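Report on the structure
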Amino acid sequence: MKRLFSAPTSVNLELTELCNVKCRHCYNFWRDESMGITSLNVKKLEKVIKQISEAGVFHVICTGGEPFANFDLLHHAIKMISKYKMSMSVNSNLMIVKKENILKLKQLGLDHILTSLPSPDEKLNDYIMNQKGSLKKIINGIKLCVDLGIRISVNMVITKQTKDQVYAAGKLLSELGCQKLFITRSVPPTYSNEKENENYNLTFDEQKKCLDDALRVKKDFGIGIGTLVSYPLCFLEDLDKYSDFVGRGCPAQAGHRMSINANGNVHACVHEEESYGNLLFQSVKEIYQSKMRKWHNGSFHYKECDGCRYIDVCESGCSMTSVSKYGKHEEKDPLYQGFKVFKKHYEPVRNKKILKMIENGAEFSVPKRIRFRKENDFYLISIRWGNVIPLDTKNSEKLIELQKNRKKFTLKNNFFDKNTLLNLYAKDLVESENLKNVEVADKLGLSLNFEALEPIPEIKNVRAGKSI
């Protein structure tokens with residue numbers, strides 16, 4: 001049974017609507033009307049961040065608009081988030097960043113920025129962002145941050161215009177020192193018209209080619225890959241080949257995410273216009289556990305996904321894409337293919353060498369960075385930044401005890417069985433000096449809940465179209 005949380009584990013906190021560009025694919029629903037005029041003031045910002053902390057949120061993503069368009073507010077937000085011992089990151093187009101400002105934020109603990117690269121082609125990038133010289137400005141911003149020791153991930157929204165540019169983008173970004181490229185399927189903005197929507201609706205083959213190009217990027221240039229908008233896993237078909245795109249799922253439907261506008265209004269997903277309350281007048285838990293609960297309890301799952309082994313990982317794909325295409329959350333994701341198509345299933349850990357070393361007495365410890373949040377009958381565990389998974393109470397409390405006592409342990413201590421220990425290691429919940437030099441190319445994906453994965457079914461059942 002799916003675990004329901006008491007509050008989100010991470011939030012998108014929109015500090016300001018102000019932005020220096022007007023991207024054609026921007027999800028902010030007010031973009032067709034203005035460049036944005038609303039910003040949180042310091043008093044409201046402090047109230048919101050205090051509420052977020054009291055709810056037990058692990059990670060805050062400061063976003064906009066363009067958060068550097070109101071740097072004093074961004075600086076104060078990072079200071080407050082650090083004060084409440086939450087981790088943080090910033091979403092920025094990096095076009096107006098200054099060295100002194102990056103250094104100020106780094107001193108407060110900021111170590112990661114997600115930026116946007118619509119296209120590696122200068123003219124197309126200018127067209128998409130509605131600003132001349134945009135690509136050069138982004139590149140200069142990336143170089144500045146990398147030189148100052150800030151990790152940079154890059155999001156590229158894939159449209160008909162950019163579908164053949166993934167490899168070129170990956171090559172450019174690897175040369176700039178970026179750590180990860182997200183190739184994100186496009187979700188038509190709520191204000192786009194039918195003609196514009198055609199630019200966002202890629203065919204199955206076009207979408208799959210983008211993933212293949214991303215795999216080439218990873219192989220040839222050694223940078224990480226992923227997506228910020230989930231694919232239905234039946235679209236991927238070969239979950240071994242496309243394992244980089246398996247783990248994320250929909251953070252809103254999984255219960256991890258809450259998005260807060262600069263006026264205090266709350267959404268589950270950044271792409272939706274519907275608001276479920278306002279944090280300036282209501283608490284995080286009040287909003288999250290009431291009107292927003294329909295996102296978490298499976299109400300938006302496509303009915304034909306019932307019984308699928310991956311339902312609590314996949315969450316039926318992207319609900320907002322279903323809304324855009326069919327007008328309903330609970331309709332199928334446009335890329336849905338069904339049970340029959342799976343060629344290879346997802347095996348969380350395939351490295352038999354690691355399992356053998358565990359059996360032979362490898363020592364483990366629970367690092368200080370691991371954070372815990374008690375729920376009704378389980379725990380939520382923050383591994384790094386916004387990477388959070390649920391875990392049963394027994395194993396969680398043993399991890400807490402081992403972390404508190406700084407105690408090293410092996411399989412022979414009988415704290416965990418070998419498969420659980422293997423999963424804990426693969427999820428980076430425990431560390432081992434003995435395995436330091438063993439390459440682990442198959443660490444579990446972002447926020448993948450290994451508890452939700454049932455045993456892999458017989459292939460004959462899948463081909464027969466039976467429930468998996």
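Preceding block: the structure.
Just so you know, these numbers come straight off a predicted model, no measurement behind them.

Quick look at helix H2 (residues 71-83) now. Since one α-helical turn is 3.6 residues long, residues separated by three or four positions face the same way. For H2, spanning 13 residues, the distance from its first C-alpha to its last is 18 Å, which sits close to the expected 18 Å at 1.5 Å a residue. All buried positions along H2 are accounted for by Phe 71, Leu 73, Leu 74, His 75, His 76, Ala 77, Ile 78, Met 80 and Ile 81. Those residues of H2 that are buried are in contact with helix H1 (42-54), strand S2 (59-63), strand S3 (87-91) and helix H3 (99-107).

A word on the pairing of strand S5 (residues 151-158). Among the 8 residues of S5, 7 are classified as buried, and the element is accordingly described as predominantly covered. Across 5 bridges, the pairing between strand S4 (residues 112-116) and S5 is parallel. The residue bridging Ile 113 from the neighbouring strand is Ile 152, located in S5. Pairing geometry for S5 and strand S6 (residues 180-185), over 6 bridges, is parallel. For Met 156, the partnering residue across the bridge sits in S6 and is Ile 183. Remark: the S5/helix H6 (residues 166-176)/S6 crossover connection has right-handed handedness.

Moving on, we come to the side chain of His 59. Topologically, His 59 is positioned in strand S2. Within the structure, His 59 has its side chain in polar contact with the side chain of Ser 87 (distance 2.7 Å). Apart from residues lying up to four places away in sequence, His 59 is in contact with Thr 9, Ser 10, Val 11, Ser 87, Met 88, Ser 89, Trp 385 and Gly 386.

Okay, the nonpolar core next. Leu 236 and Trp 295 are the most contacted members of the largest nonpolar core, which has 111 residues in total. Sequence-distant contacts of Trp 295, defined by excluding residues within four places in its chain, comprise Cys 250, Ala 252, Gln 253, Ala 268, Cys 269, Glu 272, Tyr 276, Phe 300, Ser 319, Met 320 and His 329. Counting 25 residues, the second-largest nonpolar core is a separate cluster that includes Ile 381, Leu 399, Phe 409 and Val 430.

Closest axis-to-axis distance for the H2/H3 pair is 9 Å, and the angle between their directions is 15°. Overall, the two elements H2 and H3 adopt an arrangement that is roughly parallel. At the point where H2 passes H3, the crossing takes the right-handed sense. Seen from H2, the contacting residues are Phe 71, Leu 74, His 75 and Ile 78; seen from H3, they are Asn 101, Lys 104 and Leu 105. In the contact of H2 with H3, the residues fall into 4 nonpolar, 2 polar and 1 charged.

Once that is clear, we can look at the side chain of Asn 91. With respect to the helices and strands, the residue Asn 91 is situated in strand S3. Those residues in contact with Asn 91 that sit more than four places away from it in its chain are Ile 61, Cys 62, Thr 63, Pro 67 and Leu 114.

As a further point, take the sheet that holds strand S7 (residues 224-226). The strands making up a sheet associate through backbone hydrogen bonding, with each pair oriented either parallel or antiparallel. Strand order in the open sheet formed by 9 strands is S7-S6-S5-S4-S3-S2-S1-S8-S9, with mixed pairing between adjacent strands. With one partner strand each, in any of the chains shown, S7 and strand S9 (266-267) form the two edges of the open sheet. Packing of H1 onto the sheet brings it into contact with strand S1 (10-14), S2 and strand S8 (257-260), and relative to S1 it is tilted by some 175°.

The strand order S10-S11-S12 describes an open sheet built from 3 strands, whose pairing is antiparallel. Edge strands, defined here as strands with exactly one partner in the open sheet, are strand S10 (371-374) and strand S12 (387-392). Averaged over all pairs of adjacent strands, the angle between strand axes in this sheet comes to 25°, irrespective of strand direction. Sheet topology note: the S10/strand S11 (residues 378-384) ladder contains 4 bridges and is antiparallel. Pairing of Arg 373 across the sheet is with Leu 380, part of S11. Each of S10, S11 and S12 touches helix H14 (residues 393-405); the most contacted strand, S12, lies at about 115° to it.

Between the first and last C-alpha of helix H8 (residues 204-221) there are 26 Å, a value that for 18 residues agrees with the 26 Å anticipated at 1.5 Å per step. Those residues of H8 not exposed but buried are Glu 206, Gln 207, Lys 208, Cys 210, Leu 211, Asp 213, Ala 214, Leu 215 and Val 217. The inward-facing, buried residues of H8 contact S5, H6, S6, S7 and helix H9 (233-236). Looking one or two residues beyond H8, the residue adopting positive phi is Gly 222, at roughly 75°.

A few words now on the pattern of salt bridges. Taken as a whole and judged by the stated rule, the model has 20 salt bridges. Linking Lys 163 and Asp 164 is a salt bridge whose minimum nitrogen-to-oxygen distance equals 3.1 Å. Here Lys 209 and Asp 213 are joined by a salt bridge, their closest N and O atoms 2.8 Å apart. Remark: Asp 213 and Lys 209 occur in helix H8; sequence separation between them is 4 residues, near one turn of the helix. A relative accessible area of 38% means that Lys 209 is categorised as partly exposed.

Quick look at the pairing of S8 now. Within a regular strand, the side chains alternate between the two sheet faces. Of the two faces of S8, the one lined by Arg 257 and Ser 259 and the one lined by Met 258 and Ile 260 are each fully buried. Note: S1 against S8, 4 bridges, orientation parallel. Within S8, the residue paired with Leu 13 across the bridge is Ile 260. Where S8 meets S9, 2 bridges bridge the pair, whose relative direction is antiparallel. When the sheet's bridge partners are listed, Ile 260 is paired in S9 with Val 266.

Glancing now at the packing of H1 against H2. In the contact formed by H1 and H2, the axes pass within 10 Å of each other and the chain directions differ by 30°. Looking at the two axes, H1 sits roughly parallel to H2. Note that H1 runs across H2; the crossing there is right-handed. Across the interface between the two elements, Val 42, Leu 45, Glu 46 and Ile 49 from H1 touch Leu 73, His 76, Ala 77, Met 80 and Ile 81 from H2. Considering only residue class, the contact of H1 with H2 consists of 7 nonpolar, 1 polar and 1 charged.

What counts, and at which threshold
Residues numbered from 1 in each chain as written. Predicted model: local features only at pLDDT ≥ 70, side-chain atom pairs only at ≥ 80, totals over all residues. Heavy atoms only, no water. Helix = DSSP H or I, 4+ residues; strand = E, 2+ residues; numbered from the N terminus. Expected span 1.5 Å × (residues − 1). Buried < 20%, exposed > 50% of the residue type's maximum accessible area, 1.4 Å probe, protein only. Contact = heavy atoms within 4.5 Å. Pairing = 2+ DSSP bridges. Right-handed = clockwise from strand over helix to strand, strands pointing away. Polar contact = N/O pair within 3.5 Å; in protein donor to acceptor, adjacent residues only side chain to side chain. Core = buried A, V, L, I, M, F, W, Y, C linked by side-chain atoms within 4.5 Å. Axes fitted to C-alpha atoms, helices over the stretch in contact; angles between N-to-C directions. Parallel < 35°, antiparallel > 145°, perpendicular 65-115°, else oblique. Left-handed = near helix turned anticlockwise from the far one by under 90°. Nonpolar A, V, L, I, M, F, W, Y, C, P; charged D, E, K, R; others polar. Salt bridge = Lys/Arg side-chain N within 4 Å of Asp/Glu carboxyl O.

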